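Descriptive analysis of the structure
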Amino acid sequence: MERESFDVTDYEWDTEKSSDLGSVTGSSPLTSNLGKRLKAKRISLMKKRLASVSNRLTSVSGEREPAARLDRQDSTALTGLRFISKADGAAGWTAVENRFVEITATSGGLLPRSKFGECIGMDSIDFALELFDALARRRLMTQDTIDGDQLREFWEQISAQSFDSRLQTFFDMIDSDANGRLTEDQVRQIINLSSSTNNLPNIPKRTDEYAAMIMEELDPDNIGYIMIESLETLLSHAETQHIRRDSEGSKKLSHMLSLKLNTTRDPKPLKRWYSGLRHFVSDSLQTTSMYLAVPVAFPACEILIRPFRSSVSTVTIRKVAIYSGNVLTLHLSRPRNFKYQSGQYMFVTCPTISTFEWHPFSITSAPQDEDLSIHIKVVGDWTNALKEVFSEVCAPPPVRDNYRDAYNREEMNPYSFPKIMIDGPYDAPAQNYKKYNVVLLVGLGIGTAPMMSIIKDIINNVEAKEHSQISQMEKGTQRHQQGEKESMKTRKAYFYWVTKDQGSYSWFQNIMNEVTERDTNGVIEVNNYCTSICEEGDVRSVFIRMLQSLNHSKNGVDIVSGTRVMTHFAKPNWKNVYKQIAMDHYGSHVGKLCLTVIGMFA
């Protein structure tokens, strides 16, 4: 049932005030009426304050209706604030109980605080310790050990089906002094704890800023603390930004696809087995002879022939950048006859390191760009050597006479950089995206590099088509010339970038912001996923989710990626992704391009 009101007398601060008032006033009718009036005034002020918080969040997000409180009948709300991922009642307790017996075998049946996370199956040690302390404070416990009965009581609270119970437990974790109020310092602590639990090193750098922002929104009267209702309002605001799928439509689509994808099988099992075995043996004798001969001859031929190819060019280095996560970016001059398509790659060599070593890298610039760019993941001997060469050249001059000389990388003599040669471009499967009406682009880690060229190319082509249409309208012609064919059929692109490191987003931050700013027609749907963050609904990431929602509504920037695109947590549910695209574009020709790494192990 959805709560529309609250009882102020449930809170500890109200109980304290009421008891103090009673000790002074006694049973006098006058003082009794005064106490009632003061109590009514406090209730009124609290309701106004909560309404102010809701309205402020509404005004920030641009919605006209006030942010609704969580619907207790809504499955999304009920699954939120999970303390144990996918824990399920009695079955979960059986596993916990078995671990308890194993851990306490030599400690007399007492579970130490340090082993609490291991026992309940929570791998985040610091978060588990804070949870233990919150559960102990609620029961006025001061010891650092618990027995089996106390563990069962703890488990029942953190695995409770009641959303209000889980919310109270989460509030108790932040409320370290157990006074029913959250101060700005306590908000800072939970931001730092959540950041470290989810491996988000950039967020703690702005903890003070984020904590002040939360207090500004949830404590507009500058009282100095926030209550549990304010925290729930912020959680409700974050939940309203989730994209909800049509579950009934998905079920119908799933049934439809299952019928269409059923293949006709031979009714005779023995015949099927014999046929499969014969196809496998035949291929194996052929998948072996080819792969033994080619790898032996190909490298030798490549080394001898490549220097004489007309596609080899020496280029000028325009710009060099080294990002977190050991990624080196090179911006190179574009040879006059170097014509390429998005999705293609080229070979790169640096004679300073090795004369005969060439390594393939995806081109991350778009065909319309003036220069070429590549992003290189530093993981092997050659790429490490390349990073060292550029690090030495780009290093600022030494400090002299207690001051640093003015240094501008853009004004450096380009001939001080090492010589770089390129060979290409070369065809790759990703370049065929233009023949599809709808494309699904999936990049994993640095493997998203060619996707950046593709999404820029799509935006460039969309803008060029719009300009062409405007020009035709101005000239009074609205049709293409006879025989003219459209080079790009793509009308919608879904881009998914999955990475485990928050620092990865800095590699393509400028491109992501440029694409989202220029894509006024919503041609490209960008979805970033950070797998180091606990899945949405997990209590360990819920504060990051609330902070992300508030900051994006207020400033238009995602706290995880630093771009305008809000980052999803954990891994995508690919089954739902495919279903939704198929449902939205039923009958369309959808192309899927998935890349992990190109030229990574150089």
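Residues numbered from 1 in each chain as written. Predicted model: local features only at pLDDT ≥ 70, side-chain atom pairs only at ≥ 80, totals over all residues. Heavy atoms only, no water.

Quick notes on the sheet that holds strand S5 (residues 327-332)
- With respect to topology, three strands assemble into an open sheet ordered S4-S5-S8, the strand pairing being antiparallel. Looking at which strands have only one partner, the edges of the open sheet turn out to be strand S4 (317-323) and strand S8 (372-377). On average, adjacent strands in this sheet sit at an angle of 15° to one another, irrespective of strand direction.
- Where S5 and S8 come together, six bridges link them in antiparallel fashion. (Pairing = 2+ DSSP bridges. Helix = DSSP H or I, 4+ residues; strand = E, 2+ residues; numbered from the N terminus. Axes fitted to C-alpha atoms, helices over the stretch in contact; angles between N-to-C directions.)

Considering empty space enclosed by the protein
- Looking at the second largest cavity, its volume works out to about 50 Å³.
- Around the second largest cavity, the lining residues are Ile459, Val462, Glu463, Glu466, Arg518, Asp519, Thr520, Asn521 and Val523.
- A per-element tally of the lining of the second largest cavity places helix H16 (residues 449-475) first, with four residues.
- Residues belonging to the lining of the second largest cavity are distributed by class as follows: three nonpolar, two polar and four charged. (1 Å grid on protein atoms, 1.4 Å probe; cavity = no way out; pocket = protein on both sides within 12 Å on 5 of 7 lines; lining within 4 Å. Points joined across faces, edges and corners; volume = space filled by probe spheres on them. Nonpolar A, V, L, I, M, F, W, Y, C, P; charged D, E, K, R; others polar.)

Digging into the packing of aromatic side chains
- Per the stated rule, a full pass over the model turns up 17 aromatic pairs.
- When the centroid spacing of 5.2 Å and the interplanar angle of 70° are considered together, the rings of Trp497 and Tyr505 count as edge-to-face. One exposure class covers both Trp497 and Tyr505, and it is buried.
- Seen in terms of ring centroids, Trp497 and Phe508 are 5.6 Å apart; in terms of plane orientation they differ by 70°. Their pairing is edge-to-face. You can see Trp497 sitting in strand S11 (residues 492-499) and its partner Phe508 sitting in the loop between S11 and helix H17 (509-518), a full 11 residues away along the chain.
- For Trp497, a relative accessible area of 0% puts it in the buried group.
- An aromatic cluster is built from Tyr496, Tyr529, Trp574 and Tyr578, whose rings are joined through pairwise contacts. (Phe/Tyr/Trp six-rings, centres within 6.5 Å; stacked < 30°, edge-to-face > 60°. Buried < 20%, exposed > 50% of the residue type's maximum accessible area, 1.4 Å probe, protein only.)

Comments concerning the pattern of salt bridges
- As enumerated under the stated definition, the model contains 20 salt bridges in all.
- Note that Glu184 and Arg188 form a salt bridge whose closest N and O atoms lie 3.3 Å from each other. With Glu184 and Arg188 both in helix H9 (residues 184-197), this residue pair falls four residues apart, about one helical turn.
- Its salt-bridge partner being Glu514, residue Arg518 comes within 2.8 Å of it at the nearest N-O pair. One end of the pair is Arg518 and the other is Glu514, both in helix H17 and four residues apart, which spans about a single turn.
- For Arg518, a relative accessible area of 23% corresponds to the partly exposed category.
- Each of Glu184, Asp185, Arg188 and Asp208 takes part in a single network of salt bridges with overlapping partners. (Salt bridge = Lys/Arg side-chain N within 4 Å of Asp/Glu carboxyl O.)

Comments concerning H17
- All buried positions along H17 are accounted for by Ile511, Met512, Asn513 and Val515.
- If you follow the buried residues of H17, they end up packed against H16, S11 and strand S12 (524-530). (Contact = heavy atoms within 4.5 Å.)

Some points on the packing of helix H6 (residues 125-138) against H9
- For the pair H6 and H9, the least separation of the axes is 9 Å and the interaxial angle reads 140°. The orientation of H6 with respect to H9, classified from their angle, is oblique. Together, Asp126, Phe127 and Glu130 of H6 and Leu193, Ser196 and Thr197 of H9 make up the contact between the two elements.
- Its residues assigned to classes, the contact of H6 with H9 comprises two nonpolar, two polar and two charged. (Parallel < 35°, antiparallel > 145°, perpendicular 65-115°, else oblique.)

Quick look at the UniProt feature "domain: EF-hand" (unreviewed entry) in the protein
- Mapped onto this numbering, the UniProt entry gives "domain: EF-hand" (unreviewed entry) at residues 162-197.
- The span residues 162-197 carries 72% helix and 0% strand; its end-to-end C-alpha distance comes to 25 Å. (UniProt positions renumbered as here; feature names shortened; annotations may be inferred.)

Here we look at the pairing of strand S6 (residues 345-349)
- Burial within S6 is extensive, with four of its five residues counted as buried.
- Across four bridges, S6 lies against strand S9 (residues 420-426) in antiparallel orientation. What sits directly across from Phe347, in S9, is Asp423.

Topic: the nonpolar core
- Among the nonpolar cores identified, the biggest contains 92 residues, and Phe116, Leu151, Phe170, Phe495, Ile524 and Phe543 are the most heavily contacted of them.
- Looking at which element gives the most residues to this core, the answer is H16, with eight residues.
- In terms of nonpolar packing, the next biggest core, distinct from the first, is built from 24 residues, Leu330, Phe361, Leu372 and Ile376 among them. (Core = buried A, V, L, I, M, F, W, Y, C linked by side-chain atoms within 4.5 Å.)

As for the side chain of Ser504
- With respect to the element layout, Ser504 can be found in the loop between S11 and H17.
- Exposure remark for Ser504: the relative accessible area of 2% places this residue in the buried category.
- The residues contacting Ser504, other than those within four sequence positions of it, are Trp497 and Thr499.

Some thoughts on the confidence of the model for the protein
- In the predicted model, the protein carries a mean pLDDT of 76, and the fraction of residues at 70 or more is 67%.
- Between residues 1-35, whose pLDDT stays under 50, and residues either more than four places distant or in other chains, the model counts 35 contacts.
- Low pLDDT, under 50, characterises residues 400-412; the predicted model gives this stretch 15 contacts beyond four residues in sequence or across chains. (pLDDT = per-residue confidence, 0-100.)

Re the pairing of strand S10 (residues 438-444)
- Most of S10 is tucked away: six of the seven residues are buried.
- Across seven bridges, the pairing between S10 and S11 is parallel. By the bridge assignment, Leu441 is partnered in S11 with Phe495.

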